[in-house]
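Here is what each chain is made of, one letter per residue.
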Amino acid sequence: MNIRENFKMAVDSIFSNKLRSILTMLGIIIGIAAVIAILAVGNGATSEITKTFNDFGASTISLSVSDEATGNEMITDADIVALKSSIPEITRISPDNTANTTVRSDFESRSALAFSGTPDLQYTNQSMDSTIVSGRYFNQNDYDDAKEVVVISEDTATALFNGRQDVIGETIQLIGNTGNVLNLKIIGIVKGTFQELQGSFDLSQMPLSLALPLITMEKLNPSVAVINSLTVQVTDKNAIESVSNRMVRLLETRHDSVGDDYYTATNFLQALDQVDSVLGLFVNFIAAVAAIALLVGGIGVMNIMLVSVTERTREIGTRKALGATTNTILFQFLMEAVILTLIGGIIGLVLGILLANGISNALSIVPNITLGSVLLVLLFSTAVGIFFGIYPARKAAKLDPIEALRYE
Amino acid sequence: MIQVKDIVKTYTTGSETLVALDTISLEIMAGEFTAIMGPSGSGKSTLMNILGLLDRFDLGTYILNGQNVSDLNDNESAKVRNKEIGFVFQSFNLMPRMSILENVALPLVYAGVKPKERKERALAALERVGLSNRVKHKPNEISGGQKQRVAIARAIVNEPSVLMADEPTGNLDSKTTVDIMRIFQELNTEGTTIVMVTHEPEVALYTKRIVTFRDGALVNDQLQQQKLM
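None of the values given here were measured: they were computed from a predicted structure. (Residues numbered from 1 in each chain as written. Chains lettered and ligands numbered in written order. Predicted model: local features only at pLDDT ≥ 70, side-chain atom pairs only at ≥ 80, totals over all residues.)

*Asks:* Just to check I follow, could you spell out the overall build of chain A for this structure?
*Replies:* Along chain A, the regular secondary structure elements total 13 helices and 11 strands. Whereas a compact globule of 408 residues would reach a radius of gyration of roughly 22 Å, chain A reaches 34 Å, over 25% beyond that. Its C-alpha atoms give chain A principal-axis dimensions of roughly 105 × 50 × 30 Å. Burial analysis of chain A (408 residues in total) assigns 39% to the buried set. Here the contacts in chain A between residues at least 6 apart in sequence split such that 82% fall between residues at least 24 apart. (Helix = DSSP H or I, 4+ residues; strand = E, 2+ residues; numbered from the N terminus. Rg over C-alpha atoms; globule rule 2.2 N^0.38 Å. Buried ≥ 20, exposed ≤ 12 C-beta atoms within 10 Å, placed from the backbone. Contact = placed C-beta atoms within 7 Å.)

*Asks:* Just checking my understanding: could you explain the pairing of strand E9 (residues 208-213) of chain A for this structure?
*Replies:* A regular strand places its side chains on the two faces of the sheet in alternate fashion. Residues and elements named next belong to chain A. Among the six residues in E9, six count as buried, and that is most of the element. Bridge count for strand E4 (residues 109-117) against E9 is six bridges, and the pairing is parallel. Paired with Leu113 across the strands is Ser209, a residue of E9. Here strand E6 (residues 149-153) pairs with E9 via two bridges, running antiparallel. Following the sheet pairing, Ile152 is matched in E9 by Leu210. (Pairing = 2+ DSSP bridges.)

*Asks:* Please clarify how the domain arrangement of chain A should be interpreted in this entry.
*Replies:* How big an interface is tends to be stated in terms of the accessible area lost upon association of its parts. Entries for chain A in the domain assignment read domain 1 (3-52 + 273-406) and domain 2 (67-261). Centre-to-centre, using C-alpha coordinates, domain 1 of chain A lies 57 Å away from domain 2 of chain A. (Domains from an automatic or database assignment.)

*Asks:* What is the right way to read the environment of Met247(A) from this model?
*Replies:* Residues and elements named next belong to chain A. One can find Met247 in helix H8 (residues 240-254). Through-space distance from the C-alpha of Met247 to that of Ile316 is 79 Å; in sequence the pair is 69 residues apart. Aside from chain neighbours lying at most four places away, what touches Met247 is Leu63, Leu83, Ile87, Val232 and Ala265.

*Asks:* Could you clarify how one ought to interpret the interface of chain A and chain B in this entry?
*Replies:* Tallying the contact residues gives 18 residues for chain A and 19 residues for chain B. Taken together, the elements giving at least two residues each to the side of chain A that touches chain B come down to helix H1 (3-16), helix H10 (313-321), helix H11 (326-363) and helix H13 (401-406) of chain A. In terms of residues, the side of chain A that touches chain B owes the most to one element, H10(A), which gives five residues. Residues that form the side of chain A that touches chain B fall into these classes: six nonpolar, seven polar and five charged. (Nonpolar A, V, L, I, M, F, W, Y, C, P; charged D, E, K, R; others polar.)

*Asks:* Would you take a moment to explain the sheet that holds strand E11 (residues 263-267) of chain A for this structure?
*Replies:* Strands belonging to one sheet form pairs held by backbone hydrogen bonds; the direction of such a pair is parallel or antiparallel. All names here are of chain A. The four strands lie next to each other as E2-E10-E1-E11, forming an open sheet whose pairing is antiparallel. At either end of the open sheet lies a strand with only one pairing partner, and these are strand E2 (90-95) and E11. On average, each strand axis in the sheet is tilted by 20 degrees relative to the strand beside it, whichever way the strands run. Relative to E11, strand E1 (residues 60-65) runs antiparallel, the two being bridged by five bridges. If you follow Ile61 over to E11, its bridge partner there is Asn267. Running at roughly 70 degrees to E11, helix H9 (residues 268-311) makes contact with E1 and E11 of the sheet. (Axes fitted to C-alpha atoms, helices over the stretch in contact; angles between N-to-C directions.)

*Asks:* Is there a simple way to explain the nonpolar core in this structure?
*Replies:* Where a protein is soluble and globular, its nonpolar side chains tend to be buried together. With 118 residues, the main nonpolar core has Ile36(A), Ile36(B) and Ala153(B) as its most contacted residues. Considering each element in turn, this core owes the most residues, 15 residues, to helix H2 (residues 18-56) of chain A. Ranked by size, the runner-up nonpolar core spans 29 residues in total, among them Ala112(A), Ile152(A), Leu184(A) and Val190(A). (Core = buried A, V, L, I, M, F, W, Y, C linked by C-beta atoms within 7 Å.)

*Asks:* Would you explain the pairing of strand E10 (residues 229-234) of chain A in this entry?
*Replies:* Residue and element names in this part refer to chain A. Here E10 lies mainly inside the structure; five of its six residues are buried. Strand direction decides the pairing type here: E1 and E10, joined by five bridges, are antiparallel. Residue pairing in the sheet places Ser64 in a bridge with Ser229 of E10.

*Asks:* Explanation requested: helix H3 (residues 100-111) of chain B in the structure shown.
*Replies:* Residues separated by three or four positions in an α-helix point in the same direction, a consequence of the helix having 3.6 residues per turn. The element H3(B) is extensively covered by neighbouring structure, given that 10 of its 12 residues are classed as buried. Within H3(B) the residues assigned to the buried category are Ile100(B), Glu102(B), Asn103(B), Val104(B), Ala105(B), Leu106(B), Pro107(B), Leu108(B), Val109(B) and Tyr110(B). The inward-facing, buried residues of H3(B) contact H1 and H11 of chain A together with helix H2 (74-84), helix H4 (115-128) and helix H5 (144-156) of chain B.

*Asks:* Even after reading the chapter, I still don't get the environment of Phe7(A), so can you show me in this structure?
*Replies:* Relative to the helices and strands, Phe7(A) resides in helix H1. A C-alpha to C-alpha distance of 69 Å links Phe7(A) and Phe115(A), two positions 108 residues apart in sequence.

*Asks:* Before we go on, may I ask you to explain unusual backbone geometry in this structure?
*Replies:* The phi torsion of most residues other than glycine is negative, and most of the peptide bonds are trans. All names here are of chain B. Located in the positive-phi region is Thr23, a residue other than glycine, with phi close to 50 degrees. With respect to the helices and strands, Thr23 occurs in strand E2 (residues 16-28). Thr23 gets classed as partly exposed once you count the C-beta atoms within 10 Å, which come to 15. One non-glycine residue, Asp215, lies in positive phi territory at about 50 degrees. Structurally, Asp215 can be placed in the loop between strand E9 (209-214) and strand E10 (217-223). Given 13 C-beta atoms within a 10 Å radius, Asp215 is considered partly exposed.

*Asks:* What should I look at first to understand the sheet that holds strand E1 (residues 2-13) of chain B in this one?
*Replies:* All names here are of chain B. Reading across the sheet, the four strands line up as E2-E1-E4-E5 and stay open at both edges, with antiparallel pairing between neighbours. Two strands lie at the open edges of the sheet, namely E2 and strand E5 (67-68), each paired on one side alone. As paired elements, E1 and E2 share nine bridges and run antiparallel to each other. What sits directly across from Ile2, in E2, is Ile28.

As structure tokens, this is what we get:
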């Protein structure tokens, strides 16, 4: 009696009761599909988020000033200089100011988000792509002299100059909320910012984006340029915690507000941890649901195997009379249970993959189905089959041949 | 071939003890065709089960083909059944989902014979019972007489020492009964030892020896002139 024979018998038996087999597998199918889908989506989401954070740089710290702070606690240019000089791990530091403004050229007038900061803004700005297409970013000289220069995105150039891109040296007007006007010379063009939104939004309604030195921005309207947040990059992401603490302490000392908790430093590792733990909670919840489905599915398999053993009592008796040993019968019924759960597992796997793709499309992430999770499913289905199949199989194997042959 | 000596078999139900076989001794030689007769409850089926190694007994010895099989465990008796004994049952006991060929080959599966050889030997066995066509059909597609022929083919496929038939014609009409008895006689002529339990005297006439049981005791054992077809 070999495995092939057993396999064939088990498959024959399962297929001769198609509806019953499918109903029996349902719990397994649902459980496995849920596990696979959630693993795939969870992994996909995690890697998506990790990738996004890595793009920003895992060694980035955001420092913000609490809403409860008064003007005295706001960060000043002197603070920035002090931070940079007293904490050597800081490689880039820039305020993170965004102002709603209007921008005007000879052809067009549009609302715009004006990002302002130190020249390091080129590296710390998370809202605007700073990849230079032509010209240059503003530098320390521009900053120190408060030069009236601006870097605009490709889309901004397109919108303001009727599609032209060769606009370096042209002048645009930035209009603040109070009506002040600042004439700015375009010195650089960076990659467009809202290309990825094309198709889903009316581009003519989107605010344009541009970047200029904070000092220059203060000319437009001093209140527009209040610094209430900083973005800092450090040499080594292991230094993040220590740099964060030292920054907060230094600012508190300089603003005489030790213990007032006005300054908060957050980093993306923390944010990633939070996302991970939320995701982990979600995954655990679904896993619990799936475990219950698998348990119920397993009990269903056991139930149907017990029915099958009873129905086939005479068959078992006959097989024993023809020379089947206890182990042969045990193995036959165990095989049947395992194949039942394994087929359920494979159907569940396919359904789970489809489900994962569906969910991922809706959330626009890439589902991540690993070989590990596939193997896990196959192994687990087999385990469920063995666990819930062993009792019925033993019952079949231990039948007394005479009793079994007499069974009506 | 078969030697049982002083076999005692009792059943206990509650406080009552029923003696099913009371010190039975019997010897059956190779090539014999023996009918075991008696009313129900006489112990003939119990003896058949013991001879077929399906049941154990309390006292006595059983020597089958020179081997003492009195105290075998479940697995050992399964192997001896597979190798030495071919069973034919009253209600055929074919596997409904298997084809006729697969049914006949089943003992060879348990014997560990390779698929190709299994098929050849199963076909040869079917040939011997005159049923070499329709081998791909399922048992529910053939008549009762044909089913019993399939069962006989299955019983002889592993070339056992003895063929044991328990009321093999009990579910068959009289014409088919004659057909089946003819097959048994042919197999016996070719050398197969057959032991058959029956309660029908006219069926027993086709055998060469009749052993009669009553109340767990062997009451009569006589050779007879076989009724030929």
